[in-house]
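Secondary and tertiary structure notes
Residue-level listing of the chains:
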Amino acid sequence: MKKILFIIALIFSIQLQSQTYIKFNAATALVLVPNVGVETSIGEKTTFSFDVMASFWASFDGKKPMKFLLLTPEIRYHFKEKYNGFYAGINAGFDTYELQKWNYWDTNNYETGFGYRFGATIGYNKKLSDKLLLDIFVGGGWHQGFYEGHYNDGTPGSYESVKNWDKSGEWLPYRGGVMISYKLN
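Residues numbered from 1 in each chain as written. Predicted model: local features only at pLDDT ≥ 70, side-chain atom pairs only at ≥ 80, totals over all residues. Heavy atoms only, no water.

**Brief notes about the side chain of Asn91**
Here Asn91 lies in strand S5 (residues 85-99). Of note is the side chain of Asn91, whose polar atom sits 2.9 Å from the side chain of Glu74. There is a polar contact of 2.7 Å between the side chain of Asn91 and the side chain of Tyr174. Ignoring sequence-local partners within four residues, the contact set of Asn91 consists of Thr72, Pro73, Glu74, Arg117, Phe118, Gly119, Ala120, Thr121, Tyr174 and Arg175. (Helix = DSSP H or I, 4+ residues; strand = E, 2+ residues; numbered from the N terminus. Polar contact = N/O pair within 3.5 Å; in protein donor to acceptor, adjacent residues only side chain to side chain. Contact = heavy atoms within 4.5 Å.)

Laid out in structure tokens, this is it:
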């Protein structure tokens, strides 16, 4: 956690003289999953974005856990001008989770683990005023997960017979929403 705070402080201190926005995802807030971030200028048409998304839900239905934390640094290229119009980005991130994977929804199993991601984002920025910006985006990519499988009903042990961590790699959508961004300087 100290490393994350250090990185965020470093980003803020390096970019004090450039355009910097703080962002809040209104779409994920509707399901009580906070997604906040910062985006700052690093070139004529490029920006660096870093966001954090977390779910603190013990469960949606009282049985299936839905806790996760995603850290996503991203480099974005803006086709028209920074913070105005279409952009594309590449990202690599880290996550940790305790949840039921999409292909286990009809089972009594859930997974606890961590993973990394490599992917891309496409989006559109719309300036609302000198200080406010709307950022509509969607993204995904390759996720490699390392996890242990457990039972939802309290049965002890793992539902798999692997030593250490089970591994799973898949192409997934893992980003999206409508960020409301506020310009700091």
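**A short note on the layout of surface pockets**
The calculated volume of the largest pocket comes to roughly 660 Å³. As for the largest pocket, its lining consists of 26 residues, and the residues nearest its centre are Met66, Phe68, Leu99, Leu172 and Pro173. Counting residues per element, the ones that place at least two in the lining of the largest pocket are helix H2 (26-29), strand S4 (66-78), S5, strand S7 (132-151) and strand S8 (166-183). The leading source of residues in the lining of the largest pocket is S8, at five residues. Residue composition of the lining of the largest pocket, by class: 16 nonpolar, six polar and four charged. (1 Å grid on protein atoms, 1.4 Å probe; cavity = no way out; pocket = protein on both sides within 12 Å on 5 of 7 lines; lining within 4 Å. Points joined across faces, edges and corners; volume = space filled by probe spheres on them. Nonpolar A, V, L, I, M, F, W, Y, C, P; charged D, E, K, R; others polar.)

**Observations concerning the nonpolar core**
Ranked by size, the top nonpolar core spans nine residues in total: Val33, Met53, Phe68, Leu70, Tyr97, Leu99, Tyr104, Tyr147 and Tyr159. Only S4 and S5 provide two or more residues apiece to this core. In contact with Met53, other than residues within four places in its own chain, are Thr28, Val33, Pro34, Asn35, Phe68, Leu69, Leu70 and Tyr174. Membership of the second largest hydrophobic core comes to five residues, among which are Phe48, Phe50, Val52 and Leu71. (Core = buried A, V, L, I, M, F, W, Y, C linked by side-chain atoms within 4.5 Å. Buried < 20%, exposed > 50% of the residue type's maximum accessible area, 1.4 Å probe, protein only.)

**Some details on the pairing of S7**
Relative to S7, strand S6 (residues 109-127) runs antiparallel, the two sharing 19 bridges. Of the residues in S7, the one forming a bridge with Phe118 is Trp142. Linkage of S6 to S7, two consecutive antiparallel strands, is achieved through a turn of four residues. Strand direction decides the pairing type here: S7 and S8, joined by 16 bridges, are antiparallel. Residue Leu134 lies in a different strand from S8, and its bridge partner there is Ile180. (Pairing = 2+ DSSP bridges.)

**Here's the deal with a nonpolar patch on the surface**
Where nonpolar side chains cluster on the molecular surface, the patch consists of Ile22, Leu128, Leu132, Ile180, Tyr182 and Leu184 and spans about 500 Å² of accessible area. For Leu132, the position within the fold is in strand S7. (Patch = residues over 30% accessible without salt bridge, like charges linked within 9 Å, V, L, I, M, F, W, Y side chains within 5 Å. Areas by Shrake-Rupley, 256 points an atom, 1.4 Å probe, with all protein chains shown as cover. Salt bridge = Lys/Arg side-chain N within 4 Å of Asp/Glu carboxyl O.)

**Section: the packing of aromatic side chains**
For the coordinates displayed, the defined rule picks out nine aromatic pairs. Measuring from ring centre to ring centre gives 4.8 Å for Phe86 and Tyr124, while their planes differ by 65°; the resulting arrangement is edge-to-face. Remark: Tyr124 occurs in strand S6 and Phe86 occurs in strand S5; sequence separation between them is 38 residues. On the numbers, 5.6 Å between centres and 65° between planes, the contact of Trp142 with Trp171 is edge-to-face. Highlighted residues: Trp142 in strand S7 and Trp171 in strand S8, separated in sequence by 29 residues. Residue Trp171 is classed as exposed on the basis of its relative accessible area, which comes to 67%. One cation-aromatic arrangement involves Arg117 over Tyr174; the distance from NZ or CZ to the ring centre is 4.8 Å. (Phe/Tyr/Trp six-rings, centres within 6.5 Å; stacked < 30°, edge-to-face > 60°. Lys NZ or Arg CZ within 6 Å of the ring centre and 35° of its normal.)

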